[in-house]
Amino acid sequence: MKKKLLYIVLVSATIITGTSCNKWLTLQPQDGITRQEFWETKEQIQSAVTGCYASLLADPAGTDRPLPEYMFLWGELRSDMITGGFGVTNDENDLMTANVLPTNTLAKWSAVYKTINYCNTVVDFAPQVLNNDNTLTQTQLNAWLAEVRAMRAWLYFYLVRTFRDVPLKLKSTSSDLDLQQLAKTSGDSVLMQINADLAYADSNIVFSYGASATDKGRITKYTVKAMQADVFLWQDKYTEAAAACDFVINSGKFGLIKGDGGWFNTLYYTGNSNESIFELQYDAQRLNSFYTMFATNKQRFIATNYVMDQVYTIDLTNDQNYDIRGQGGAVRTSDNLIWKYVGFNYPSLRTQDISYAHWFVYRYADILLMKAEALIQLNRGSEALAYIYQVRKRANALVATDLNPSPADKNGLTDFLIAERAREFAFEGKRWFDVLRNSKRNSFERIDILINMTARAVLGPRQQSAINKYKNPDALYLPIYYTELLSDPNLIQNPYYK
Amino acid sequence: MKKIFVKLIWLLALLISFNTVVSAQDAAPAVIIRGKVTDKKDKSPIVHVSVAETDKDGRIIKGTTTDIDGNFAIKISDPKNKIVFSYIGYKTIEEDIKGRTTINIILEQGSKDIDEVIVVAGKKTDNGNLSVNDKDLTIASSKIAAKDLEEMASASIDQALQGRMAGVDITASSGDPGAGMSIRIRGTSSINAATNPLIVVDGMPYETSIPSDFNFGTADDQGYAQLLNIAPSDIKEIVVLKDAAATAMWGSRAANGVLLITTKRGIVGKPVLTYTFQGILQKQPSSIPLLNGNQYSNLIPEEYMNATGTPLNTLNVKEFAYDPSDPYNYYNYSQNTDWLGAITQLGFAQNHNVSLTGGGQKARYFSSLGYYTNSGTTIGTSLMRVNARINLDYIVSERIRFATDIAYTFSDNPKSYYPGSAAQEIRNVALNKMPNMSIYEYNEQGIMTPNYFSPAANIQGQYPATYNPVAMANTAKNRVISNRVTPHFNLQYEIIPHILTARTDIQFDINSTKSNSFLPQIATGRPVTETSVNRAYNGDVDAFNVVTKTNLIFNPRLPEKHTLTSVLSIQTSDVKTVSNQVLTSNTASSLLQDPTAPSRTQNTDLNVAAGYAQTRSVGALINAQYAYLQRYIINVGLRGDGNSRFGPSTRYGLFPSVSTRWRISDEKFMKDFKFINDLSFRASYGQSGNTPRNDYSFYNNYSNFGWSYQGQAGVYPSSIELSNLRWEVIHGTNLGLNFIAFKNKINIDFNVYRNRTKNLLFYGLQIPTFTGYSSVDMNVGTLDNQGWELNIISTPVKTKNWVVDFNFNIAQNQNIIREISPYYPKQNVTALTANGQYQAFLQINNPFGAIYGYRYKGVYADKNSTIAKDEKGAPIIGPNGQAVYMRFNYPTTNYLFQPGDAMYEDINHDGNIDYKDVVYLGNSNPKFTGGFGPTITFKKNLKISAFFNYRIGSQIINGTKMTTTNMYGFNNQSTAVLRRWRNPGDVTDIPRAMYNTGYNWLGSDRYVEDNSFLRFRTITIRYTFDNKLIKKLKLKSFSTYFTAENLATFTKYTGQDPEVAPRGVTGPFTIVTDVSTTPPVLQFTLGITTSF
């Protein structure tokens, strides 16, 4: 009897544990939603697309530099307009003095690829929502896909300009089964992918999201055109570049903000002005990282004396006659503080808790000067000059900076254009790329522009070695960060840094 | 509280009355038995003898006690039952009734019951499921009895175990009160740092991990030590299970070894009250000698000048202006402050513990109450702990018994504020702090004020990199308060007496930890708009664990010569942790120290977060041990595990084990060797599986951003789906030898082992970041963890008055990678181009731990000495006949060495120091580690025991030497830099000072040192008072002792403490670096143990 009872208990216990065990062991996380449960409604696509934008502001895990900081460092550190402050780090100093090694943390591309992966995730999974949500239209889906593909193209464009040859990853990484050890793709092939993504975006994206702030904070048709113009210029496709610029100019939706007393406030301090095409929207919830870079007493960067002395110059006879983009635009002249992102009411600064100046990606002045650059190359010098003077006039550029080139003098026009871009986009992360783009044209025909800039940027004992380094085209691109090479044997280091 | 009490009492009363009603109803026709109980010796009647009617299972049916004349009368329910007479101090007598109505009994004095319990308990080793005689063990284990631990001035048992057992390494994460410990059994079987063994208390697993996403008020999780807080005096013994066959029984979390802790239980006898006291004095030894203010103020401007070529502008940098016309800066920056001394104090600790134990035939109890308080050696750190435990056994009958154990611990642990990284900890900051700065602020008139001098920033930097450590120690708050209750219930039922037993255990574990910290403005000096000002943190993590275990133990009666013990066990565990934390800043005043005060929350630095995690596991185990003639013993087991951390496809694992023992000494051919008591060979093989550390990792989880974009919430995939993750399986083999001879005077235990870890789990494996992620957890390959260990326990002298014991243990352990995933990097850095780096390579089939770097040859005395030389020592001449000077890393870095720079050996004589000049410098894998010590007992009264531990044959990086002589920043340096190169022609071994530039401290043999050492770990002198004296004092026992710890270290190592990370090498690229700035704390303990 007892044995029988025991037997029954044992058997039933085995059955119960056997069947309920699996259920008991299945646990779901509570702090998020799993992929299997996501991608059901169009609102979820919307929030995933918004997530891509949010990731442009900063790394969600907080372990990497915010993307705009990389954009700033890559675009400005090697230029002649910036120098280290008291808090400058060794890695930043090494990039400024052309002493980059594969261990330099500024050579990390992880922040860019992280957002690319978010974009890829939307591209891969959003279409399946069509099966689950009847209220989602194909047009609406395509518009979202266009947004993230444009963003992906723009980010790859940064990589191509900074590293030249990079791995091209167009599939999302969702599971460890998706892990790959890719080799590099040549910069030209990546540019073709960028063109394809932008072309898709061009035909599917919306013109407006219905509110002026969202039109500036998210990618619209005009942003795509601006991106196309930029990429075409890089690829030396001038007709296409000019056409893309024309689309924006002819839309009549943008204009230059008047260069009066309210100019800085409207354009930079408040943001989302009529001049803006696409700017990353920091706010009180998510501050930018520029305050510690420029404004504390352990500031990492300050402007060089060259900025006021040569780029903007000073009218010694009339202190009311100044280029508005210099004093109170780009710099605080008393201490060379980089003003654009931390300035408030000249000469007093923002406080740190309201340090949420937006990061400019494109604004109308850029379109005008890109158009001018394309026209110069198309031998339409006088039209190009008209655009340059349009920008100069708004800013009250001083006569001393007017190089007055002849419309037929291609080199003179290029020099003038680059100088004007330096003035207009000072510290907006564009200087190095502008110089590199114009120097590399026709097999480094104008390498002198870059060499002259380096001679001004790197002073002291490192000057000669920096100039020599930049004569090697490979040295104009950053090395691959060493941990990437360690974890992917298929990646080959940029030959200059081997 | 009172209400609850009242309710409980009512409930209890109800239950009792209910019980009596039930038993009254059951009452059968009454037979009354009368009798008298007398003492055998003096024939006097004994009062209060318990007289009980018991049934055939020994269950008490009814009971009474004798009156003042020793008479009793009891109404029995069944004349077939027995009557049992028991009284403390007398032997228990059982009588069959056999129809009698008068039973007179004579009781004999004697306390045999008590002895029996002790003897049995001492001889057996319990693997947690099966209790096996020590001499029949087929597994590798070591055991330490509480007696050996008593003298240690330890607040926790892990501290006490340090260095006591072969192959068991325990290290403290810091010397502060309440600091955590890392325990390693036989090295580590994983290449991840955190692999603590499973801790099993009284047969039930004891949770020691905390959720990884909880940060304890920005303190590191290593510092969390509320985990193993069982009072050392409550412990009866500790057994460490080392080989895989033994740990296989415990399943997944046992892969890194098992620490079995058995607490004391009640024993039959009169109540015994024991009181132990420990008083402890701790002294922080002096640190390395540092520069004083004047020497420092000489160094920094020179360092700046050397690097930039321009003098430090003291118009802007007032810190070095020394301008008496500016009294504010002059006085605040012209001091000679000993920052470390200013935050150091003598540490005192006292430990009181009262325990009460006793019991009768049916019920036994052990209860204890402990109070421990310790003020740390750093100002502002302390620990207060109260723990209580009650272990109750109730024996209903010979077949049914209950046990209820309840343990409660409260601890309050104020710590130093933790700014966010180890380098920013208070002692590190104090060490680096500029010594010319004042602790208290001088005002504009040069008069000292009572305010701390906390400038917002100065040349050295700002918070969190540097701050005023004295202000921080005294004003900032960081407190961890924890409450933990562990009720454990056990029911044992003998289904077939002595043959089949069922045992069910259920344990609840409620662990609540609250962490509270506050950073006032004065500690950092930062402007009030910043979020570091008046930053308040409150965090709470609560863990609720339910662990069950049901064992069916089967010991069939077999013919003589055969024995079999077997167990079927089903175990479940459900661990739930809930946490929430709030970090706010800018409260209105430094007196408002809690986030409940109105404060700022909206900033990415600040956060409000909550976490929830749950893990469940089930395990089933069958294990049997069979012995033939006690000579041939075999143990086989099979365990199945299921764990919620895996996806459905990989959720379950099966892990077999087998172990054997052959006792040669019992064989006939060994009969002539009479002096051998035991000679046995053991062999074992076992598998155990390890689960990943994180929950839910097999999901691709989508999370919200901490911020919105233009008012819209964004979602991103926050974790990668790990569908490839499998059980990490450890295949352990162990060969052992036991040799006991000369009447147990010598006892040798030798083991050779290899733990092969397959599907090695690696956390945070770096993957190419173009995937969108920077790291994943992955099964990466196969790792061998192999070595041997020898343990000798001997008693060379044993006379009437003198007993000398001598224990010795020695072990060696190596880690070798056998197979590795292509994602795993092959080296730690691609080239040695930055200061302070060393290179390490992954070499398959080679033990790891090798260090590579440059060879340091001193300092270039002048310009001529920087000329490059060829093999023959002749200067290298350039194509135009010009001198070629030494360069660093041409062409990428292309730095020309200058006079005063560090000189590295140009191995290939090409005039260029680069990767081709990197050579092998040493190995951080120790050849041997171990400990030894004698114990001398004189006349059973005086006992002196000493313990030494040692390590031989390893090299480590002297990281402290590197950071205190590099002269690279504004941190204070050691006095060694006083002999630095200053002028051409100086011949010295310390290069010139260079602010933030140069290559003077590249990874070279300059910092690689042999750290073999012998440490005089403890000495204890114990005196136990004579019985006569004790009786006069009406005590049961009384002893007192004095212990000194960390008295001396014998080593050639020039750093502060050679015993850094004795666990050695944890990964192929681990380069063991000593960053300790002070030697281990000197500690003196006075202890008293007495019982009544």
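What you see is a predicted model; the values in this text were computed from it and never measured. (Residues numbered from 1 in each chain as written. Chains lettered and ligands numbered in written order. Predicted model: local features only at pLDDT ≥ 70, side-chain atom pairs only at ≥ 80, totals over all residues. Heavy atoms only, no water.)

Enquirer: Whenever I open this one, the overall build of chain B confuses me. Can you help?
Expert: The number of helices and strands found in chain B is 13 helices and 54 strands. In chain B, buried positions account for 54% of the 1092 residues. Long-range pairs, those at least 24 residues apart, make up 70% of the contacts in chain B with a sequence separation of at least 6. For chain B, the exposed area adds up to about 46,200 Å²; of that, 58% sits on carbon and sulfur atoms. (Helix = DSSP H or I, 4+ residues; strand = E, 2+ residues; numbered from the N terminus. Buried < 20%, exposed > 50% of the residue type's maximum accessible area, 1.4 Å probe, protein only. Contact = heavy atoms within 4.5 Å. Areas by Shrake-Rupley, 256 points an atom, 1.4 Å probe, with all protein chains shown as cover.)

Enquirer: Help me understand a nonpolar patch on the surface, please; the structure alone is not making it clear to me.
Expert: Residue and element names in this part refer to chain B. Taken together, the side chains of Leu273, Val354, Leu356 and Phe1092 present a nonpolar region at the surface, about 280 Å² in accessible area. Secondary-structure assignment places Leu273 in strand S17 (residues 269–283). The exposure class assigned to Leu273 is partly exposed, which follows from its relative accessible area of 31%. (Patch = residues over 30% accessible without salt bridge, like charges linked within 9 Å, V, L, I, M, F, W, Y side chains within 5 Å. Salt bridge = Lys/Arg side-chain N within 4 Å of Asp/Glu carboxyl O.)

Enquirer: Mind showing me how you'd approach the sheet that holds strand S4 (residues 71–76) of chain B here?
Expert: Strands belonging to one sheet form pairs held by backbone hydrogen bonds; the direction of such a pair is parallel or antiparallel. Residue and element names in this part refer to chain B. Ordered by their spatial adjacency, three strands build an open sheet running S4-S1-S7, and the pairing between neighbours is mixed. Where the open sheet ends on each side, the last strands, each with one partner, are S4 and strand S7 (105–107). Within this sheet the neighbouring strands show an average axis-to-axis angle of 35°, counted without direction. Both strand S1 (residues 31–39) and S4 contribute to a ladder of six bridges, which runs antiparallel. Paired with Arg34 across the strands is Ala73, a residue of S4. (Pairing = 2+ DSSP bridges. Axes fitted to C-alpha atoms, helices over the stretch in contact; angles between N-to-C directions.)

Enquirer: Just to check I follow, could you spell out unusual backbone geometry for this structure?
Expert: One can expect most non-glycine residues to show negative phi and most peptide bonds to be in trans. The linkage connecting Tyr346 of chain A with the following residue, Pro347 of chain A, adopts the cis geometry, with an omega of 5°. Locating Pro347 of chain A in the fold gives a position in the loop between strand S7 (343–345) and strand S8 (348–349). Phi angles above zero are rare outside glycine, and Asn404 of chain A is one such case at about 50°. Along the chain, the position of Asn404 of chain A falls in the loop between helix H16 (381–395) and helix H17 (410–424). For Phe742 of chain B, which is not glycine, the phi torsion reads 50° and is therefore positive. Note that Phe742 of chain B resides in the loop between strand S34 (728–741) and strand S35 (746–758).

Enquirer: Is there a simple way to think about the confidence of the model for chain B in this case?
Expert: Do not read the predicted coordinates in detail wherever pLDDT is low. Residue and element names in this part refer to chain B. Residues with a pLDDT of 70 or more make up 87% of chain B, whose mean pLDDT is 83. The spread of mean pLDDT over the elements of chain B runs between helix H2 (residues 112–123), the lowest at 36, and strand S22 (residues 440–442), the highest at 95. The low-confidence segment residues 11–28, where pLDDT is below 50, has one contact with residues more than four positions distant or belonging to other chains. On the interface metric, ipTM, the complex scores 0.91, and its pTM is 0.82. (pLDDT = per-residue confidence, 0-100.)

Enquirer: Looking at this structure, I do not really get the side chain of Glu424 of chain A. What am I missing?
Expert: Residue and element names in this part refer to chain A. Structurally, the position occupied by Glu424 is in helix H17. Reaching out from Glu424, the side chain makes a polar contact with the side chain of Arg363 at a distance of 2.8 Å. Here Glu424 is in contact with Tyr268, Glu275, Arg325, Lys340, Arg363, Ala365, Leu369, Val391 and Arg394, once residues within four sequence places are set aside. (Polar contact = N/O pair within 3.5 Å; in protein donor to acceptor, adjacent residues only side chain to side chain.)

Enquirer: Would you take a moment to explain the environment of Thr965 of chain B for this structure?
Expert: All names here are of chain B. With respect to the secondary-structure elements, Thr965 resides in helix H12 (residues 959–965). Between the C-alpha atom of Thr965 and that of Ser924, which follows or precedes it by 41 residues, the distance is 22 Å. Not counting the four nearest positions on each side in its chain, Thr965 is found in contact with Gln973, Ser974, Ala976, Val977, Arg1006 and Tyr1007. Within the structure, the side chain of Thr965 is placed 2.6 Å from the backbone oxygen of Lys961, a separation counted as a polar contact.

Enquirer: Even after reading the chapter, I still don't get empty space enclosed by the protein, so can you show me in this structure?
Expert: Which parts of space are left empty comes out when a probe the size of a water molecule is rolled across the atoms. Residues and elements named next belong to chain B. Taken as a whole and assessed by the stated rule, the structure comprises 14 cavities of 30 Å³ or more. Quantified by volume, the second largest cavity comes out at close to 160 Å³. Lining the second largest cavity are 16 residues, with Trp250, Arg253, Gln571, Ser617 and Arg639 positioned closest to its centre. At the level of secondary structure, the elements contributing two or more residues to the lining of the second largest cavity comprise strand S26 (535–554), strand S27 (562–584), strand S28 (607–628) and strand S29 (632–643). Class assignment for the residues of the lining of the second largest cavity results in five nonpolar, seven polar and four charged. (1 Å grid on protein atoms, 1.4 Å probe; cavity = no way out; pocket = protein on both sides within 12 Å on 5 of 7 lines; lining within 4 Å. Points joined across faces, edges and corners; volume = space filled by probe spheres on them. Nonpolar A, V, L, I, M, F, W, Y, C, P; charged D, E, K, R; others polar.)

Enquirer: Honestly, the interface of chain B and chain A in this entry has me stumped. Any pointers?
Expert: Taken together, the contact between chain B and chain A spans 78 residues of the former and 84 residues of the latter. Together, the buried faces of chain B and chain A total about 7,300 Å²; carbon and sulfur atoms form 57% of this surface. Our enumeration of links across chain B and chain A arrives at one salt bridge. Taking the shortest distance from any N to any O, the salt bridge between Arg35 of chain A and Glu721 of chain B comes out at 3.1 Å. Summed over the shared surface of chain B and chain A, the result is 32 residue pairs in polar contact (both at pLDDT 80 or more). (Buried area = accessible area lost by both parts, 1.4 Å probe.)

Enquirer: Help me out: how do you make sense of the packing of helix H10 (residues 221–234) of chain A against helix H11 (residues 238–251) of chain A in this one?
Expert: To characterise two packed helices, one gives the angle between the axes of the helices and the distance between these axes. Residue and element names in this part refer to chain A. At a closest axis distance of 8 Å, the pairing of H10 and H11 adopts a crossing angle of 155°. One element, H10, and the other, H11, form an angle in the roughly antiparallel class. Here H10 runs over H11; the crossing is left-handed. Listed contacts from H11 to Lys221, Tyr222, Lys225, Gln228, Ala229, Phe232 and Leu233 of H10 are Tyr238, Glu240, Ala241, Ala244, Cys245, Phe247, Val248 and Ser251. Of the residues assigned to the contact of H10 with H11, the class counts are ten nonpolar, two polar and three charged. (Parallel < 35°, antiparallel > 145°, perpendicular 65-115°, else oblique. Left-handed = near helix turned anticlockwise from the far one by under 90°.)

Enquirer: Even after reading the chapter, I still don't get the environment of Thr185 of chain A, so can you show me in this structure?
Expert: Residue and element names in this part refer to chain A. In this fold, Thr185 is placed in the loop between helix H7 (138–163) and helix H8 (187–204). Put simply, Thr185 and Asp246 are 61 residues apart on the chain and 32 Å apart in space, counted from C-alpha to C-alpha. Excluding residues that lie within four positions of it along the chain, Thr185 makes contacts with Asp165, Val166, Pro167, Leu168 and Val190.

Enquirer: Looking at this structure, how should I read the environment of Thr454 of chain A?
Expert: Following the sequence through the fold, Thr454 of chain A ends up in helix H19 (residues 447–457). Apart from the residues lying within four places of it in its own chain, the contact partners of Thr454 of chain A are Ala466, Ile467 and Tyr470 of chain A.

Enquirer: Is there a simple way to think about the side chain of Asp906 of chain B in this case?
Expert: All names here are of chain B. Looking at the element boundaries, Asp906 is found in the loop between strand S44 (902–904) and strand S45 (912–913). Summary of buried charges: Asp906 has no salt-bridge partner, and the nearest side chain of opposite charge, Lys916, is 9.1 Å away. A distance of 2.7 Å separates a polar atom in the side chain of Asp906 from the backbone nitrogen of Gly911. Setting aside its immediate chain neighbours within four residues, Asp906 contacts Met886, Gly911, Asn912, Ile913 and Asp917. (Lys, Arg positive; Asp, Glu negative; His and termini not counted.)

Enquirer: Help me understand a positive patch on the surface in this model?
Expert: Together, Lys561, Lys668, Lys671 and Lys674 of chain B give the surface a local cluster of positive charge. Mapped onto the fold, Lys561 of chain B is located in the loop between S26 and S27. (Charge placed at Lys NZ, Arg CZ, Asp CG, Glu CD.)

Enquirer: Help me out: how do you make sense of the state of the cysteines in this one?
Expert: Among covalent bonds in proteins, the disulfide is the one between the sulfur atoms of two cysteines. Residues and elements named next belong to chain A. Evaluation of the coordinates by the stated rule reveals zero disulfides over all chains. Cys52 takes part in no disulfide bond, and the closest cysteine sulfur, belonging to Cys119, lies 4.2 Å away. The exposure class assigned to Cys52 is buried, which follows from its relative accessible area of 0%. (Disulfide = S-S within 2.5 Å.)

Enquirer: I'm lost on H8 of chain A in this one. Help?
Expert: Every α-helical turn comprises 3.6 residues, leaving residues that sit three or four positions apart pointing alike. Residue and element names in this part refer to chain A. Taking 1.5 Å of rise per residue, 18 residues should cover 26 Å, and H8 covers 26 Å from first to last C-alpha, within 8% of that figure. Here H8 has its buried residues at Gly187, Val190, Leu191, Gln193, Ile194, Asn195, Asp197, Leu198, Ala201 and Asp202. Each element contacted by the buried residues of H8 is listed here: H7 and H10. (Expected span 1.5 Å × (residues − 1).)

Enquirer: Is there a simple way to explain the pattern of salt bridges in this structure?
Expert: A side chain of one charge can pair with a side chain of the opposite charge when the charged atoms of the two come close. Under the defined criterion, the tally for this structure stands at 70 salt bridges over all chains. Salt-bridge contacts for Arg441 of chain A lead to Glu373 of chain A; the nearest nitrogen and oxygen are separated by 2.9 Å. Taken as a pair, Arg441 of chain A in helix H18 (residues 431–444) and Glu373 of chain A in helix H15 (residues 364–377) lie far apart in primary sequence, 68 residues in all. Using a relative accessible area of 4% as the deciding quantity, one classes Arg441 of chain A as buried. The class for Glu373 of chain A is buried, based on a relative accessible area of 1%. The salt bridge partner of Arg265 of chain B is Asp405 of chain B, with a shortest N-O separation of 2.7 Å. In this pair, Arg265 of chain B is assigned in the loop between strand S16 (258–263) and S17 and Asp405 of chain B in strand S21 (residues 400–414), connecting sequence segments 140 residues apart. Here the salt bridges share partners, and the residues they tie into one network are Glu275, Asp323, Arg325, Lys340, Arg363, Arg392, Arg394, Glu420, Arg423, Glu424 and Glu428 of chain A.

Enquirer: It is not clear to me how the sheet that holds strand S50 (residues 1008–1010) of chain B should be interpreted in this structure. Could you clarify?
Expert: Residue and element names in this part refer to chain B. Pairing is mixed across the open sheet formed by three strands, whose spatial order is S50-S49-S53. If you trace the sheet from one side to the other, it starts and ends with S50 and strand S53 (1073–1074), each paired once. By the bridge criterion, three bridges tie strand S49 (residues 955–958) to S50 in an arrangement that is antiparallel. Looking across to S50, one finds that Ile957 is bridged to Val1008.

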